[in-house]
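The primary structure of each chain is shown beneath.
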Amino acid sequence: MDFSLLGPISVTTGAGELALGPAKRSSVLALLLLQPNTTVPLEQLIDSLWEEEPPEHARTVVQGHVSRLRATLARGGAEAYGIELATHGSAYLLRLPEELIDAHRFAELVALARPEAAPADAVPLLREALGLWRGPALTGTVTSPPFAAAAHALEEQRLAATEALARAHGTLGEHEQAAAILYTAAVNNPLREGMVAELMRALFRTGRQSDAMEWFHRTRRLLDEELGVGPGARLKGAYEEILRAEEAGAGGDTRGGADSGTGRGGGATGPAGGAGRAAQGAEQEAGASDPRRTTAADPRVPAQGGRGPTGGAPGRTTGPPAVPRLLPRPPARFLGREQQLAALTTVVQSAVPGESPLAVVTGPAGVGKTACAVQWSHAYAGAFPDGQLFADLRGFNEGAAAEPVEILRDFLLALGTPPDRVPTSAQSASALFRSLVAERRLLVVLDNAQSSAQVRPLLPGGAHCATVVTSRSRLDGLVATDVARPVPVQALGAAEGTALLGAMLGAERVADDPDAAQELVALCDGLPLALRAAAAQLTARPRWRLARLAAALRDERRRLALLSAEDTGVAAALRMSVARLSADDARLLSALAANADGHLNASVAAALAGTDPELIQEGLDRLTEMHLVDEEATDVYTISTLTQLFARDEGPAGGLPGVFRGAGGSVGRRNRRQLRAAAESGSRREAGRTTEAGRTTEGGRTTDGPPAETPDNGGRSGGRAQGAGRFVAAGAQDGLSQHVPGADPAYAPSRPRGT
C-alpha cells in the first residue's frame, strides 16, 4: 500500500487505487499523513478543513470522514501492511510504516544524495526522488492556509532537490543536462534568483553566453516590475563572473572565476562591454528578445499579415529552423462568437511583459470550444511566424488521455529535432521543448485537455509564445499556478442558433419556417454540436420542413438519438464527460436529472440524492467545474435538458452508475418529504427578497410588477435569468409528484420541453 502526497492525494494497493471520496475526506487523510504516527487533535482537523467559520456540526462531519477512511483502508488490506487509524480521545492517530508515504521516501533519497562530494551517486538518487512527484503537492485538498503552507513547504523541497540535481550534473561536467533541468524550473519560478544564477552559469559553460545574459536582464526587469528591487548578491555575482570570464577569454567554464558578489570595477564596466556584446548577439540571432518590445509580428499586436520565419533560439543546430503549421482546417460555417474571439485577443495583447500568455477556453460538451480556438488561431496566425502547434490531448475521448511525453515527441519532431535526439522522459522532453521555443514567436493550441497536470509540461516558456487550451473542465489549477485567463463559451442564443441553421441549410429554407427554427434552437439547448446534427438530419431529408424535425425532437425518448450523425452527437459527447466522473459524482448527476424544472439548490439536490447537504456541495462544485451543471447564482444551479435526458436514458443501462432512470424507483416517501422540506425552506428564503428593480417576491408572484413567469408544460421558455426561484415552485406542490418523472403514473416522458 502506497500513500501519495506529492501530487493528487491517493492510496494505491496491488489491486489499484482506492476511492477516497470528497475533498474534505482526502484532506483529513493528507493531514494525518503529514504527521504520521502522531496524534492529530480533532480541533486541528476542523481548523484546517474550514477556512472560514466551521459549521456547528463540523465535529460530526470530521468523525464521519474518519470513519469512512477507516473502512476504505480496511478494504484495501491495511492491517496486512501494519496500518491502523486509531482514535485517542478527541484526536486521531494514523499508525503506519513511514516508508509507505511518498513524501517520506522523497526526503530520504534527497538526504542520501551528496551532489558535490559524490555526484555520480547523487544523480540517480535525486532523479528517483523527483520521479516520485506526479503534480503539485497535496492536489485535491481543500484550499485553506494550513494546506497551502504544507504544499508550499513540499514544493520548496522539490525545488531544492532540482537545484541539487543540476549541481551534481555540473560537478560531473554535464552542463547541458544541468541547463535543461534548471531551465524548466526557472521558467516556472522566475523570481528564484539562486536558481536563475545557476542556470546562467550552466548556459555559459555550454557556450550560450547570450542566453545567460538574457536570463539576467529578464530577471532584473521582473524583480523591478514585480517587487521594486534590484538583483541580489547571487544573481549579480553570476553576472559579473560571466563578464570577467568572457573578458579574460576563459571559454566555457567559469568555475575558476572570481567569487560571487565581489562587485569589483570590472563588473561595473562589464555591461558596456561583454554584456552589451552578448545582448547584441542575442538580438541578432533570435530577433528582438526584449519581451516589452512590440512589432507587427509580436503576439501582443495581432496582425493578419506576418513576416517570414525568424532565426532559431540560441544553441540550436545550424540550418533554417522548422516552421510547423499544425492547425487543423478552419471550422466550416463558423458564425458569431465575437465576444470570445475578442477575449482571446485581449489575453495575448494584455500579457505581462516577460510572461507567456495562456488562455483556457472552457464550456460544456458540444458548445464549440475547439471551433472557437481554431478560428481565432487561423485569424491571427500571422502574429506567430515561427509556427503554430496543435495537439488533441484526448482528455474526453474514448480510451486513455494522451500522455504529455507523446505530445512533446510530436512537437519536437515538428520543430526539426532528429528522432534519435528526442528524450524519452516527459521531464527532459519538456525542458528541450521549452529551450527550442524560448525565443520563437510560436502559437501552441492544446485541445480537449483533461486536467491542468496534463497541460503543464506542454506549456512553452518563451515570452513571445502564446498558448490556447480548450477543455470541458475549468482547469482551475492552471488559473492558480500559471495565471491562465479563462474564456468561457456559452450556448448560442435564439438569433445566433437560427443563423447557424441558415448557414447550414440555406437562408431560404430557414426563412420559410422561422418559428420552427427557433424551436429547434431551444430543443437543441443552443449547442452548436446539436444544431449541426439537426441540420445534418434535415440535409438528408430535403423535403422535410423544419417543423417536422421539431415535432420529432419534442419526443424526449428520441431526441438524443436524432441529434447524432454517424460518429458524432450530443449523447457521445456527454458520455465522454460522464466517464471522467467519479462514481459518486455520476450518481449525483443521475439524481439531479429527476428535477423536472432543471433549477435547484443544494438542499433540493441533497434530497434528490438522499444525502447530507454538507456533503452534496462538493459534488455540485465538481459537476459545475465540468460544466455538467451551471451555477447561475449563489446556491442556484441549473442542468440543461439534454444533460438531464442523457442522465435519465443512459443511467443504469448505459453504464452511468446513476441512482435511477426515473425517480419512482429510488425516491421514496422519505426523499419526497426531504424535497418538500427543502423546497419550503427555499421558499421562505426567497420570500421578501428585493429584486434589482426594487420589487419583492412573494410565493409565486412578484409585487409591484408583472406576474412571475411559470414553466409551461415542464419547459424553460422563460429563460434561465429568472431561474433563481424556480426550484421553489418546482417542489412546493403535492410532494413534487407531478414534477418528478416516474413519481406519478400520469407523467409522460414525451411531453415537449423547451430551453
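Quick note: structure is the one above.
1. A word on helix α19 (residues 494-505)
Here α19 contains 12 residues, and its C-alpha end-to-end distance of 16 Å stays within 8% of the 16 Å for a straight helix at 1.5 Å per residue. If you check which residues of α19 are buried, you get G497, T498, L500, L501, G502 and L505. Buried positions along α19 lie against α20 (507-511), α21 (514-523), α22 (528-540) and α23 (546-553). Downstream of α19 by a residue or two, G506 has a phi angle that is positive, lying close to 105°.

2. Side note on the nonpolar core
In this structure, F3, L29, V62, L94, L138, M200 and W215 are the most contacted members of the largest nonpolar core, which totals 85 residues. Element by element, the count of residues in this core is highest for helix α6 (residues 145-171), at 10 residues. Excluding residues within four positions of it along the chain, L138 makes contact with L5, G7, I9, A30, L34, F147, A150, A151 and L154. Residues F396, L527, L538 and L642 belong to the second largest nonpolar core, which totals 80 residues.

3. Some points on the environment of Q644
By secondary structure assignment, the location of Q644 is in helix α29 (residues 641-649). Classification of Q644 as buried rests on a relative accessible area of 0%. Residues Q644 and V629, spaced 15 residues apart in sequence, show a C-alpha to C-alpha distance of 9.9 Å.

4. Things to note about the packing of helix α26 (residues 583-592) against helix α27 (residues 602-609)
In the contact formed by α26 and α27, the axes pass within 9 Å of each other and the chain directions differ by 105°. Classed by the angle they form, the pair α26 and α27 counts as roughly perpendicular. Between α26, through L588, A591 and L592, and α27, the contact on the second element is made entirely by A605, L608 and A609.

5. Description of the packing of aromatic side chains
In this structure the tally under the stated criterion is 6 aromatic pairs. Taking 5.8 Å as the distance between ring centres and 80° as the angle between the ring planes, the aromatic pair formed by F106 and W133 counts as edge-to-face. Here F106, found in helix α4 (residues 102-112), pairs with W133, found in the loop between α5 (119-131) and α6; they are 27 residues apart in sequence, far enough to count as distant. Residue classification places W133 among the buried residues on the basis of a relative accessible area of 12%. Centroid distance W376 to Y380: 5.3 Å. Interplanar angle 40°. Geometry classified as tilted. Residue W376 is classed as buried on the basis of its relative accessible area, which comes to 2%. Stacked on the ring of W133, the Lys or Arg R158 has its end atom at 5.9 Å from the ring centre. R541 extends its terminal NZ or CZ atom over the ring of W544, reaching a point 5.2 Å from the ring centre.

6. So, a nonpolar patch on the surface
Nonpolar side chains collect at one region of the surface, where L191, L227 and V229 lie side by side and expose about 240 Å² of accessible area between them. Inspection of the secondary structure puts L191 in the loop between α7 (175-188) and α8 (193-205). Residue classification places L191 among the partly exposed positions, given a relative accessible area of 34%.

7. Things to note about helix α9 (residues 209-227)
For α9, spanning 19 residues, the distance from its first C-alpha to its last is 27 Å, which sits close to the expected 27 Å at 1.5 Å a residue. Looking one or two residues beyond α9, the residue adopting positive phi is G228, at roughly 70°.

Cut-offs used in this document
Residues numbered from 1 in each chain as written. Predicted model: local features only at pLDDT ≥ 70, side-chain atom pairs only at ≥ 80, totals over all residues. Heavy atoms only, no water. Helix = DSSP H or I, 4+ residues; strand = E, 2+ residues; numbered from the N terminus. Expected span 1.5 Å × (residues − 1). Buried < 20%, exposed > 50% of the residue type's maximum accessible area, 1.4 Å probe, protein only. Contact = heavy atoms within 4.5 Å. Core = buried A, V, L, I, M, F, W, Y, C linked by side-chain atoms within 4.5 Å. Axes fitted to C-alpha atoms, helices over the stretch in contact; angles between N-to-C directions. Parallel < 35°, antiparallel > 145°, perpendicular 65-115°, else oblique. Phe/Tyr/Trp six-rings, centres within 6.5 Å; stacked < 30°, edge-to-face > 60°. Lys NZ or Arg CZ within 6 Å of the ring centre and 35° of its normal. Patch = residues over 30% accessible without salt bridge, like charges linked within 9 Å, V, L, I, M, F, W, Y side chains within 5 Å. Areas by Shrake-Rupley, 256 points an atom, 1.4 Å probe, with all protein chains shown as cover. Salt bridge = Lys/Arg side-chain N within 4 Å of Asp/Glu carboxyl O.

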